[in-house]
Amino acid sequence: MSIKTLIRISDTFAYIIFFIIIEKLLGEQGLGLFGTGFLTYLIIFILTMGGVKELLAKMVAVRRHRGFYDNAKRIFNYCLGYSAVIGLLIFAIFVALGSKMSVRLYKDGSLGMVFWAFGLFYLIDSFVRTFRGYHNGCQSTGFMTAGRLTKSLILIVAGRFVIGLFMSIGSKAANLHQNDFLIIVYGCMGAVLTMCVADIIYLIILVTGQRAIHTENYSFNEVRSKDGFKSFLRSFIPGSLKLLKDNLFPVITAWVGVFIFCRSRFRGGASAADVYSQLGSFYIFCLSAVLVLAVYKEYISGCRSKMRSDIKKDDKKSLNSKFNNLLKNSFTIVFPISMSMIAFSKMIFTVTTGNTDKASLMITGAFAVLLYGIDLGLITSLEVKGLDLNALLGRLSGFIAALLFILLMDKKGVEITTVTVAIMLDALVNFIIQSVFIMREYGFRLNDITARLIKVCISSAVLLLIDFLIARFVKSNVIVLIVGVIIGYAVYSVSLVLLRTLNGKDIESLKGTVLYYPLNLLAGLLRIR
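Procedures and definitions
- Residues numbered from 1 in each chain as written.
- Predicted model: local features only at pLDDT ≥ 70, side-chain atom pairs only at ≥ 80, totals over all residues.
- Heavy atoms only, no water.
- Helix = DSSP H or I, 4+ residues; strand = E, 2+ residues; numbered from the N terminus.
- Buried < 20%, exposed > 50% of the residue type's maximum accessible area, 1.4 Å probe, protein only.
- Contact = heavy atoms within 4.5 Å.
- Areas by Shrake-Rupley, 256 points an atom, 1.4 Å probe, with all protein chains shown as cover.
- Patch = residues over 30% accessible without salt bridge, like charges linked within 9 Å, V, L, I, M, F, W, Y side chains within 5 Å.
- Salt bridge = Lys/Arg side-chain N within 4 Å of Asp/Glu carboxyl O.
- Core = buried A, V, L, I, M, F, W, Y, C linked by side-chain atoms within 4.5 Å.
- Phe/Tyr/Trp six-rings, centres within 6.5 Å; stacked < 30°, edge-to-face > 60°.
- Axes fitted to C-alpha atoms, helices over the stretch in contact; angles between N-to-C directions.
- Parallel < 35°, antiparallel > 145°, perpendicular 65-115°, else oblique.
- Left-handed = near helix turned anticlockwise from the far one by under 90°.
- Nonpolar A, V, L, I, M, F, W, Y, C, P; charged D, E, K, R; others polar.
- Expected span 1.5 Å × (residues − 1).
- pLDDT = per-residue confidence, 0-100.
- Polar contact = N/O pair within 3.5 Å; in protein donor to acceptor, adjacent residues only side chain to side chain.

## So, the overall build of the protein
Part 1 of the reasoning: Within the protein, the regular secondary structure consists of 18 helices and 0 strands.
Part 2 of the reasoning: Across the 529 residues in the protein, those meeting the buried criterion constitute 55%.
Part 3 of the reasoning: A separation of at least 24 residues holds for 82% of the contacts in the protein among residues at least 6 apart in sequence.
Part 4 of the reasoning: Looking at the protein as shown, the accessible area adds up to about 23300 Å², and 66% of this sits on carbon and sulfur atoms.

## Concerning a nonpolar patch on the surface
Part 1 of the reasoning: There is a patch of nonpolar side chains on the surface, built from Val197, Ile200, Ile201 and Ile204 and spanning about 310 Å² of accessible area.
Part 2 of the reasoning: Locating Ile200 in the fold gives a position in helix H6 (residues 181–212).
Part 3 of the reasoning: According to the relative accessible area criterion, Ile200 is partly exposed, its value standing at 39%.

## Brief notes about the environment of Leu376
Part 1 of the reasoning: Tracing the backbone through its elements, the reader meets Leu376 in helix H12 (residues 360–383).
Part 2 of the reasoning: For Leu376, a relative accessible area of 11% gives the class buried.
Part 3 of the reasoning: When the C-alpha atoms of Leu376 and Leu327 are compared, they prove to be 9.7 Å apart, with 49 residues separating the residues in sequence.
Part 4 of the reasoning: Setting aside its immediate chain neighbours within four residues, Leu376 contacts Tyr296, Lys297 and Ile300.

## Quick notes on the nonpolar core
As a rule of thumb, nonpolar side chains are buried together in soluble globular proteins.
Part 1 of the reasoning: Membership of the largest hydrophobic core comes to 147 residues, with the highest contact counts inside it found for Phe18, Leu33, Phe34, Val114, Leu279 and Phe282.
Part 2 of the reasoning: It is helix H1 (residues 3–49) that provides the largest number of residues to this core, a total of 17 residues.
Part 3 of the reasoning: Look past the residues within four positions of Leu279 in its chain and what remains in contact with it is Gly32, Thr36, Val258, Phe261, Cys262 and Ile416.

## Some thoughts on the packing of aromatic side chains
The way to describe two aromatic rings as a pair is by their centre distance and the angle between their planes.
Part 1 of the reasoning: For the coordinates displayed, the defined rule picks out 20 aromatic pairs.
Part 2 of the reasoning: Considering the side-chain rings of Phe18 and Phe34, the 6.2 Å spacing of their centres and the 80° angle between planes classify their relative orientation as edge-to-face.
Part 3 of the reasoning: The class of Phe34 is buried, set by a relative accessible area of 0%.
Part 4 of the reasoning: Every member of this aromatic cluster is reached through a ring pair, and the members are Phe18, Phe19, Phe34, Phe38, Tyr41, Phe45, Phe118, Phe121 and Tyr122.

## Looking at the packing of H12 against helix H13 (residues 388–410)
Part 1 of the reasoning: With their axes 7 Å apart at the nearest point, H12 and H13 run at an angle of 150° to one another. Here H13 runs roughly antiparallel to H12, going by the angle between their axes. For the crossing formed where H12 meets H13, the hand is right-handed. On H13, the residues that touch Ile379, Leu382 and Glu383 of H12 are Asp388, Asn390, Ala391 and Arg395.
Part 2 of the reasoning: Taken together, the residues of the contact of H12 with H13 sort by class into 3 nonpolar, 1 polar and 3 charged.

## Some remarks on the environment of Lys73
Part 1 of the reasoning: Mapped onto the elements, Lys73 comes out in helix H3 (residues 69–106).
Part 2 of the reasoning: Residue classification places Lys73 among the partly exposed residues on the basis of a relative accessible area of 34%.
Part 3 of the reasoning: It is 7.6 Å that separates the C-alpha atoms of Lys73 and Val60, two residues lying 13 residues apart in sequence.

## Examining H13
Part 1 of the reasoning: Taking 1.5 Å as the rise per residue, H13 with 23 residues should run 33 Å; its terminal C-alpha atoms sit 33 Å apart, in good agreement.
Part 2 of the reasoning: Taken together, the buried positions of H13 are Asp388, Asn390, Ala391, Gly394, Arg395, Ser397, Gly398, Phe399, Ala401, Ala402 and Ile406.

## Focus: the pattern of salt bridges
Part 1 of the reasoning: For the coordinates displayed, the defined rule picks out 1 salt bridge.
Part 2 of the reasoning: In this structure, Lys151 and Asp199 form a salt bridge, with 3.0 Å as the shortest nitrogen-oxygen distance. Remark: Asp199 occurs in helix H6 and Lys151 occurs in helix H5 (residues 141–177); sequence separation between them is 48 residues.

## Comments concerning the packing of helix H4 (residues 112–137) against H5
The geometry of a pair of packed helices is captured by two quantities: the angle between their axes and the separation between those axes.
Part 1 of the reasoning: Viewed as axis vectors pointing N to C, H4 and H5 meet at an angle of 145°, and their least axial separation amounts to 9 Å. Contact residues: H4 offers Arg132, His135 and Asn136, while H5 offers Phe143, Met144 and Arg148.
Part 2 of the reasoning: Here the contact of H4 with H5 is composed, by residue class, of 2 nonpolar, 2 polar and 2 charged.

## Brief notes about the environment of Ile333
Part 1 of the reasoning: Locating Ile333 in the fold gives a position in helix H10 (residues 316–343).
Part 2 of the reasoning: The sequence separation of Ile333 and Tyr296 amounts to 37 residues, and the corresponding C-alpha distance is 7.3 Å.

## Details of the confidence of the model for the protein
Part 1 of the reasoning: Residues with a pLDDT of 70 or more make up 79% of the protein, whose mean pLDDT is 78.
Part 2 of the reasoning: The spread of mean pLDDT over the elements of the protein runs between helix H18 (residues 516–525), the lowest at 67, and H4, the highest at 88.
Part 3 of the reasoning: Counting contacts from residues 215–225, a segment whose pLDDT is below 50, to residues more than four positions away or on other chains yields 20 contacts.

## Things to note about unusual backbone geometry
Part 1 of the reasoning: One non-glycine residue, Lys107, lies in the positive phi region at around 60°.
Part 2 of the reasoning: Within the secondary structure layout, Lys107 lies in the loop between H3 and H4.

## A closer look at the side chain of His135
Part 1 of the reasoning: Along the polypeptide, His135 turns up in helix H4.
Part 2 of the reasoning: Note on His135: relative accessible area 0%, which makes it buried.
Part 3 of the reasoning: Among the polar contacts listed, one links the side chain of His135 to the backbone oxygen of Leu206, at a separation of 2.8 Å.

Okay, structure coming up:
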């Protein structure tokens, strides 16, 4: 596993811990309020800045590779100006209309002040993403690594202090206005401002690194004129929109579910404490899904690069081979993730919230994670062939199906489990449509993977049994939870090898994932190559 992957996973893990700190200090109500504000911020950020980092990195890398250092710097300056304008605009909107947004969107004004803080975070984060894109394009990983580790450390260490400070301010406001929920609101503001402080430190490190990047030997030829601001906008905006689609659809499905849930509940007269408490349980599931899929997304990214290389070489045989490995490995990787989420559902909620009433969210969500993971493999296989519209059709169809389901359930009163079922439905419809396209483009048939799938299911059942036994005897120990997941994966790996589910080439194709190392060791011991 690469250092880059480990840093990304540690960054995700730091946010998980930060969210748990919020829950421990503010309860499920605080986590629900903060998570709803964060989800709203995330939708806006993805739509306006979602593909900026990746596209800027590509544009800078291409120009530096050709020796056009001056043009690379000019592109960075254009992007910095774009980030400043958009960042200030969104910041102004959040500050001026935060309270109205909260009432209009969610039928509750509690998020007003939290939105103000998120407006500031948006402004800072837009600059951070721009500098990260430039560093990626220059292949300057040292400063980014130092910045991300520092940011993670600040979130974990300073979070408890800053949130506690704002809670004490909130308690005075609560006494003044006779509204105890203001303590939660102020605590959430403290959480967002902690993120702002961490981002500011990260930005300082990135700016320092950007100035240290060696950029001599500027080229002043006719290429300079091609990088005008208008040409930048013509290529930049469509390019960034194309890149954001990978993150947009899962997030927007979750947001629509939360949006309708809040409106339905508040219309029915529910209290803010009750609504945000239930949403807190939903965000525990979301955090778990993000964490467990972090490594898998790195594997998908690596497969995408290799398959595109085969497309350029017009090597159809190698492309089909990589597609088969990708599809088989999608099942191999994602099945145990889902089984662990099911087996440890109660323990996860016990460790994080101390309340297992909403553990069913994790069980329903586990099937959504299973389908979503496989969808990523199918979508990647379509996109490398340039079939972006086909992939987009599947995503849109899944989103529409989820939306119709939520609207139908809204007549009866939306429960929080309805949101996870909608996400699962989204992934299922997406899976069916993408499979049809895949069968047509790759000549793939279901019986090509049936034998592998049966063996993976058997191995996953063994893992599920082991995890259930561990979860049955140990109810609320985070160390045992981690050890249990490791033991489950070890047993799963042994089962895969003993059943001859994977051959040597299959195991080699898993390189870069958590499963590769135990499987490679076992295959060596059993001489399976």
